Amino acid sequence: MLDQVRETEPAPLSLLEKAASVLGAFEGAEPRLSLTEVVRRSGIPRSSAHRILDQLVGLRWLDREGRDYRMGMRMLELGALASHHNRLRRAAVALLHELHERTGQVVHLSVLDGADVVCLERIGGSESGAVPSRVGGRMPAYCTASGKALLAFGDPGALEHVLALGLRPRTARTLVRPLALRSELAAVRERGVAHDREENFRGISCVAAPLRGAGRAIAAVSVSVSGPSPAGARRGDREPDRLAPLVLACARSVWRELYGPGRAGRSAPPPRPRPEVPERAMDNMMGWLRFSEWM
């Protein structure tokens, strides 16, 4: 009997779940809450809630004003970032599906985070397939097409940060000399697209184009190619070159979807209708927190 009772008892909350419950107490309209109000809304014991609140204040997730707490600058920063990424994905997802249909290859939407690129969206194939990528996954920027596109058209300080961390070989084709990478990025700026020719994974090549207007890139669209061609030669040696114009056109279309046609697009023909694509649930700050836990 006792064993049956134990089996029906809920498992104790982990520290992360308790912190999420405390943060969830601030989802209401009231910007400031006392410790008592946090305890009532979260259901967390007073001593635990007080300890978690103090830790969140130290991490800048919350601010303390007298006896009250409110959302801190770090929470606001992440909320703004989540809003930006959600808007970016919503503008891009139908166009990414269209690019996948036209190429038959795996398509990615990525952003730069420190020395890595983070995948915001993946269209085509399965996560257990030949292209080892997933939404929320990270890859080194220096040996990926998306990373090169973002480094070439991004903040110069980002490249210096990558070089300071070192260029480790991922395959025999990885560029591991700073001068070689700088030369490669100069070529990316000239041709407008970036290539990964089996530099990150053997047998997988990629072409990427930056999302940008006249300024710095905010994201990159890429197509990955894997496996040998019927003739026996690696498709990665030539397929990305053929697909580059389609990738570049997709990136420009996403930019127009985000910010309008601008001067260059006012005389362009109207876009073709695109299929509706269901949205994913990442439309609030707590959704972003859940998403970021496994990034």
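Shown above is the structure to which this text applies.
A few words on the sheet that holds strand β4 (residues 106-113). Read across the sheet, six strands follow the order β6-β5-β4-β9-β8-β7 without closing on themselves; strand pairing throughout is antiparallel. Of all strands in the sheet, those with a lone pairing partner are β6 (138-140) and β7 (194-197), marking the two edges. Taking each pair of neighbouring strands and ignoring which way they run, the sheet shows an average axis angle of 30 degrees. Running at roughly 30 degrees to strand β8 (residues 204-211), helix α9 (residues 239-259) makes contact with β7, β8 and β9 (219-226) of the sheet.

The next thing to look at is the packing of aromatic side chains. A full pass over the atoms with the stated rule returns one aromatic pair. Ring centres of W255 and Y259 lie 4.5 Å apart, and the angle between their planes is 50 degrees; on these two criteria the pair is classed as tilted. Note that W255 and Y259 are positioned in helix α9 at a spacing of four residues, about one turn of the helix. One residue, R170, lies across the ring of F201, its end atom 5.4 Å from the ring centre.

Turning next to the pattern of salt bridges. A full pass over the atoms with the stated rule returns 14 salt bridges. Two residues, D63 and R70, come together in a salt bridge whose shortest N-O distance is 3.6 Å. E184 serves as the salt-bridge partner of K148, at 3.5 Å between the closest nitrogen and oxygen. Placement of the pair is K148 in helix α6 (residues 145-152) and E184 in helix α8 (residues 178-191), with a sequence separation of 36 residues. The burial state of K148 is the same as that of E184; both residues are buried. In the salt-bridge network here, residues are joined through shared partners; they are R32, D63, E65, D68 and R70.

Core analysis: the largest hydrophobic core is formed by 28 residues, its most contacted members being L88, L96, L109, L211 and V221. Tallying contributions element by element places α9 first for this core, with eight residues. Beyond its immediate sequence surroundings of up to four residues, V221 is in contact with L96, L99, V107, H108, L109, V207, A208, A209, L211, V247, C250 and A251. Residues A141, Y142, C143 and L181 belong to the second largest nonpolar core, which totals 25 residues.

Axis separation between α6 and α8 bottoms out at 9 Å; the angle between their running directions is 80 degrees. Accordingly, the angle class assigned to the pair α6 and α8 is roughly perpendicular. When α6 is examined against α8, the residues K148, A149, L151 and A152 are found in contact with a partner set consisting of E184, L185, V188 and R189.

This part takes up the packing of helix α2 (residues 15-24) against helix α4 (residues 46-58). Following both chains from N to C, one finds α2 and α4 inclined at 80 degrees, their axes separated by 10 Å at the closest point. Classified by the interaxial angle, the pair formed by α2 and α4 is roughly perpendicular. Only S48, I52, L53 and L56 of α4 make contact with α2, whose side of the interface consists of L15, K18, A19, V22 and L23. Residue composition of the contact of α2 with α4, by class: seven nonpolar, one polar and one charged.

Bringing the sheet that holds strand β1 (residues 33-34) into the picture now. In spatial order, the strands read β1-β3-β2; together these three strands make up an open sheet with antiparallel pairing. One side of each edge strand has no neighbouring strand; the edge strands of this open sheet are β1 and β2 (62-65). Where β1 lies against strand β3 (residues 68-71), two bridges are found, and the strand directions are antiparallel. The partner of S34 across the bridge, within β3, is D68.

Cut-offs used in this document
- Residues numbered from 1 in each chain as written.
- Predicted model: local features only at pLDDT ≥ 70, side-chain atom pairs only at ≥ 80, totals over all residues.
- Heavy atoms only, no water.
- Pairing = 2+ DSSP bridges.
- Helix = DSSP H or I, 4+ residues; strand = E, 2+ residues; numbered from the N terminus.
- Axes fitted to C-alpha atoms, helices over the stretch in contact; angles between N-to-C directions.
- Contact = heavy atoms within 4.5 Å.
- Phe/Tyr/Trp six-rings, centres within 6.5 Å; stacked < 30°, edge-to-face > 60°.
- Lys NZ or Arg CZ within 6 Å of the ring centre and 35° of its normal.
- Salt bridge = Lys/Arg side-chain N within 4 Å of Asp/Glu carboxyl O.
- Buried < 20%, exposed > 50% of the residue type's maximum accessible area, 1.4 Å probe, protein only.
- Core = buried A, V, L, I, M, F, W, Y, C linked by side-chain atoms within 4.5 Å.
- Parallel < 35°, antiparallel > 145°, perpendicular 65-115°, else oblique.
- Nonpolar A, V, L, I, M, F, W, Y, C, P; charged D, E, K, R; others polar.

In short, the description is geometric, and any link to function would need to be established separately.
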